[in-house]
Amino acid sequence: NAGVTQTPKFQVLKTGQSMTLQCAQDMNHNSMYWYRQDPGMGLRLIYYSASEGTTDKGEVPNGYNVSRLNKREFSLRLESAAPSQTSVYFCASKERTGGRTSGANVLTFGAGSRLTVL
Amino acid sequence: GQQLNQSPQSMFIQEGEDVSMNCTSSSIFNTWLWYKQDPGEGPVLLIALYKAGELTSNGRLTAQFGITRKDSFLNISASIPSDVGIYFCAGRNNNNDMRFGAGTRLTVKP
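All figures in this text were calculated on a predicted structure; none of them were measured in a lab. (Residues numbered from 1 in each chain as written. Chains lettered and ligands numbered in written order. Predicted model: local features only at pLDDT ≥ 70, side-chain atom pairs only at ≥ 80, totals over all residues. Heavy atoms only, no water.)

Asks: Quick question: what am I supposed to make of the overall build of chain A here?
Replies: Within chain A, the regular secondary structure consists of one helix and 11 strands. For chain A, the N- to C-terminal ordering of α and β elements is β-β-β-β-β-β-β-β-β-α-β-β. Whereas a compact globule of 118 residues would reach a radius of gyration of roughly 13 Å, chain A reaches 14 Å, a difference of no more than 12%. Along the first, second and third principal axes, the C-alpha atoms of chain A reach 40 × 30 × 25 Å. Buried residues in chain A amount to 46% of all 118 residues. Of all intrachain contacts in chain A linking residues separated by at least 6 positions in sequence, the fraction that spans at least 24 positions is 56%. Carbon and sulfur atoms make up 49% of the accessible area of chain A, which amounts to about 5,500 Å² in all. Seen as two clouds, the 13 positive and the 8 negative side-chain charges of chain A have centres 4 Å apart. (Helix = DSSP H or I, 4+ residues; strand = E, 2+ residues; numbered from the N terminus. Rg over C-alpha atoms; globule rule 2.2 N^0.38 Å. Buried < 20%, exposed > 50% of the residue type's maximum accessible area, 1.4 Å probe, protein only. Contact = heavy atoms within 4.5 Å. Areas by Shrake-Rupley, 256 points an atom, 1.4 Å probe, with all protein chains shown as cover. Lys, Arg positive; Asp, Glu negative; His and termini not counted. Charge placed at Lys NZ, Arg CZ, Asp CG, Glu CD.)

Asks: Looking at this structure, how should I read the interface of chain B and chain A?
Replies: Think of interface size as the accessible area that goes away when the parts come together; that is how it is often given. Chain B puts 18 residues into the contact, and the matching count from chain A is 23 residues. With both chains or domains summed, chain B and chain A bury close to 1,600 Å², and 51% of this area falls on carbon and sulfur atoms. It is Tyr-50, Arg-92 and Phe-100 of chain B in chain B that bury the most area against chain A; as a group they hold 31% of the surface buried on that side. Where chain B touches chain A, the interface holds one salt bridge. For the salt bridge of Arg-99 of chain B with Glu-59 of chain A, the shortest nitrogen-to-oxygen distance reads 3.8 Å. At the surface where chain B touches chain A, the tally comes to three residue pairs in polar contact (both at pLDDT 80 or more). Looking at the side of chain B that touches chain A, the elements with two or more residues in it are strand E4 (31–37), strand E9 (85–92) and strand E10 (98–100) of chain B. (Buried area = accessible area lost by both parts, 1.4 Å probe. Salt bridge = Lys/Arg side-chain N within 4 Å of Asp/Glu carboxyl O. Polar contact = N/O pair within 3.5 Å; in protein donor to acceptor, adjacent residues only side chain to side chain.)

In short, shape yes, function no, at least from these values alone.
This is the structure we're talking about:
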């Protein structure tokens, strides 16, 4: 099972360039997430999509846009990259957002996309 | 937003030793999770805790959901080289917000 697949794995951009990180999951999960991971700061939520057709801001949304293309795919776009966006980006999914079952709590992560902005 | 304070930041231990790490918060969470991240990979769930006071084991790993709902710890017994990685705690509150600790980087010397 592929789980959560992210592309690209590595990318180097110049300041001001744009790019899109792609994410797809094959687990029929309803909710999808984009996090960034920076040294000493853990994972911080950029945007999420509780279900197909909806998107919401997380803790650090500035400078990013997202698209929930369909139930499987959730992309993250940097319109004008800045050095502060150098980070490792993780896509994740889970069955649902609310409730008390494991499906509402357990995130499955992709392998990450390492982005460097010069 | 709610912050999770995870400690220690890093640990260097000898193979065979036991390891303990913990997460604390000033706010209440209704779920605690522990993830492990191997180099170049995404975090993978180790243990999920759903009830205050709950103590759960997964092989050599044991985690507890603190009675106050503001803390959790993870113990690893008899460490082995493949335990190397970064361990993250995560908490989910009643608003379905998930927060992550900054991670504990574990190095195991053979």
